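Coordinates in review
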Amino acid sequence: MTREDRAITIVELLTQAMAAIDHGEQAEQLVCTTLAKASHAESAALIGLDVGHKLHLHAAWPDQRHATVLAEFASHGHRTESQLHIGQHPVLGEVVTIGPELDQHANLDRARVLAFARRGGFSPEGHALFAESVAPLTLLLPHVAEACGREQSVRTAAEAAAALNLTAREVEVLQLLAEGLLARTIAARLGLSPRTVHKHLSNVYSKLGVHDRLVAVSIARAQGLIAA
């Protein structure tokens, strides 16, 4: 792979990832798979930490079994201030990680680390690809992570609404209620009558099993129904 080929690979990766984000699709697997194939890695993982500081595997290649071992090693290996680190695993072989040290990253929900492994070691071209990818990935991965978080929030909200038998309109009213709007303001915002809004609120309270606005909002946030 020439320098020009590597540049084309990186540009195409950035373009495809941003297009995926724009279309509401997951880009994490795309990033992981594309770089794994281009570098001839035998396994790859894209990892982060959840709010409980537990390791979370966001993307795996070619399968989750190999990626899980790689992810554990990459998350506990010695890291430096550099975004690129090279280590050795007794089974996986040479391991290259790109990204920050997770347990010292301030914004954990957007922190991501890519890890790649190859038993015989990576070629000089593979190392060059990783090195040239660091700067673009440092800019790209937070956006990829943020898009993934948004998608997860939407999915969680939809599942919670379905479980509580809440309609899309009831969730919409509940979100505006959480923003501190009064019924008449919500009505004006949604083009409804105040009476209709009160009916929606009555349904919401009944389905949540509450009689208080603040309690309803608190439960909705805890369930992931509405934004915090």
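**Looking at unusual backbone geometry**
Cis rather than trans, the peptide bond between Trp61 and Pro62 has omega equal to 0°. Looking at where Pro62 falls in the secondary structure, it is placed in the loop between β2 (55–61) and α3 (64–76). The phi dihedral of Asn165 is positive, around 60°, even though this residue is not glycine. Following the sequence through the fold, Asn165 ends up in the loop between α4 (124–164) and α5 (168–178). Judged by relative accessible area, which is 56%, Asn165 ranks as exposed.

**Brief notes about the sheet that holds β2**
With antiparallel pairing, the five strands of this open sheet are ordered in space as β2-β1-β5-β4-β3. Strands with a single pairing partner mark the edges of an open sheet, and in this sheet they are β2 and β3 (84–89). Neighbour-to-neighbour, the strand axes of this sheet turn through a mean angle of 25°, independent of strand direction. The pairing of strand β1 (residues 43–49) with β2 spans six bridges and is classified as antiparallel. Its bridge partner being in β2, Gly48 is matched across the sheet by His56. Along the sheet, helix α2 (residues 28–39) contacts β1, β2 and β5 (113–118); its crossing angle with β2, the most-contacted strand, is approximately 50°.

**Structural notes on the packing of aromatic side chains**
Counting across every chain of the model gives two aromatic pairs. Here a set of aromatic residues connected by ring pairs shows up, and it is made of Phe116, Phe122 and Phe130.

**Some details on the environment of Ser75**
Position of Ser75 relative to the elements: it lies in helix α3. When its relative accessible area of 25% is taken as the criterion, Ser75 is described as partly exposed. Spatially, the C-alpha atom of Ser75 lies 10.0 Å from that of Leu114, the residues being 39 residues apart in sequence. Beyond its immediate stretch of four places on either side in the chain, Ser75 contacts Ile47 and Leu55.

**With respect to helix α6 (residues 183–190)**
By the burial criterion, the buried members of α6 are Ala183, Ile186, Ala187 and Leu190. Considered in projection along α6, the buried side chains sweep an arc of 100° and stay on one side of the axis. Away from its buried face, by an angle of more than 90 degrees, α6 presents the exposed residues Arg184, Ala188 and Arg189. Elements in contact with the buried residues of α6: α5 and α7 (194–208). Two residues or fewer after α6 comes Gly191, characterised by a positive phi angle close to 70°.

**Comments concerning the pattern of salt bridges**
In total, this model carries five salt bridges according to the counting rule given. When the shortest N-O distance is used, the salt bridge between Lys207 and Glu170 registers 2.9 Å. Remark: Glu170 occurs in helix α5 and Lys207 occurs in helix α7; sequence separation between them is 37 residues. A relative accessible area of 29% places Lys207 in the partly exposed class.

**So, the nonpolar core**
Grouped together as the largest cluster of nonpolar side chains are 29 residues, with contacts concentrated most on Val31, Cys32, Leu35, Ile98, Leu114, Phe116 and Leu137. In terms of nonpolar packing, the next biggest core, distinct from the first, is built from 25 residues, Leu166, Leu174, Leu176 and Leu190 among them.

**Some points on the packing of α6 against α7**
Relative orientation of the contacting elements α6 and α7 amounts to 110°, with a least axis distance of 8 Å. For the element pair α6 / α7, the angle class is roughly perpendicular. Of the residues in α7, those touching α6 at Ala183, Ile186 and Ala187 are Pro194, Val197 and His198. Class assignment of the residues belonging to the contact of α6 with α7 gives a composition of five nonpolar, one polar and no charged.

**Topic: the environment of Pro90**
Position of Pro90 among the secondary structure elements: in the loop between β3 and β4 (93–98). A residue is classified by how much of its surface remains accessible, and Pro90, at 79% relative accessible area, is exposed. Separated by 120 residues in sequence, Pro90 and Val210 place their C-alpha atoms 57 Å apart.

Rules and cut-offs
- Numbers given to residues run from 1 along each chain, matching the order in which its sequence is written.
- Since the coordinates come from a predicted model, pLDDT governs what is reported: local features require at least 70, and pairs of side-chain atoms require 80 or more to be given and counted, while whole-chain, interface and lining totals use all residues.
- Side-chain metrics rest on all non-hydrogen atoms present in the structure, leaving aside hydrogens and water.
- The numbering of helices and of strands both runs from the N terminus, where a helix is a DSSP run of H or I of at least 4 residues and a strand a run of E of at least 2.
- Relative accessible area decides the class of each residue, using a 1.4 Å probe on protein chains only: under 20% of the type maximum gives buried, over 50% gives exposed, and in between gives partly exposed.
- A pair of strands is treated as paired once DSSP finds two or more bridges between them.
- Comment: axis = line fitted to C-alpha atoms, over the contacting stretch for helices; angle = value between 0 and 180 degrees taken between N-to-C directions.
- Two residues qualify as a contact provided that any one of their heavy atoms is within 4.5 Å of a heavy atom in the partner residue.
- Put simply, two rings from Phe, Tyr or Trp (the six-membered ring, in Trp's case) pair if the centres are within 6.5 Å, and we call them stacked under 30 degrees between planes, edge-to-face over 60, tilted for the rest.
- By definition, the arc is the one covered by directions from the helix axis to the C-beta atoms.
- Any carboxyl oxygen of Asp or Glu that lies within 4 Å of a side-chain nitrogen of Lys or Arg is treated as forming a salt bridge with it.
- Only buried Ala, Val, Leu, Ile, Met, Phe, Trp, Tyr and Cys residues count toward a nonpolar core, and they belong to the same one when joined by side-chain atoms within 4.5 Å.
- Should an angle lie under 35 degrees it is considered roughly parallel, over 145 roughly antiparallel, and from 65 to 115 roughly perpendicular; all remaining angles are considered oblique.
- Under this grouping Gly is polar, as are all residues other than the nonpolar Ala, Val, Leu, Ile, Met, Phe, Trp, Tyr, Cys and Pro and the charged Asp, Glu, Lys and Arg.

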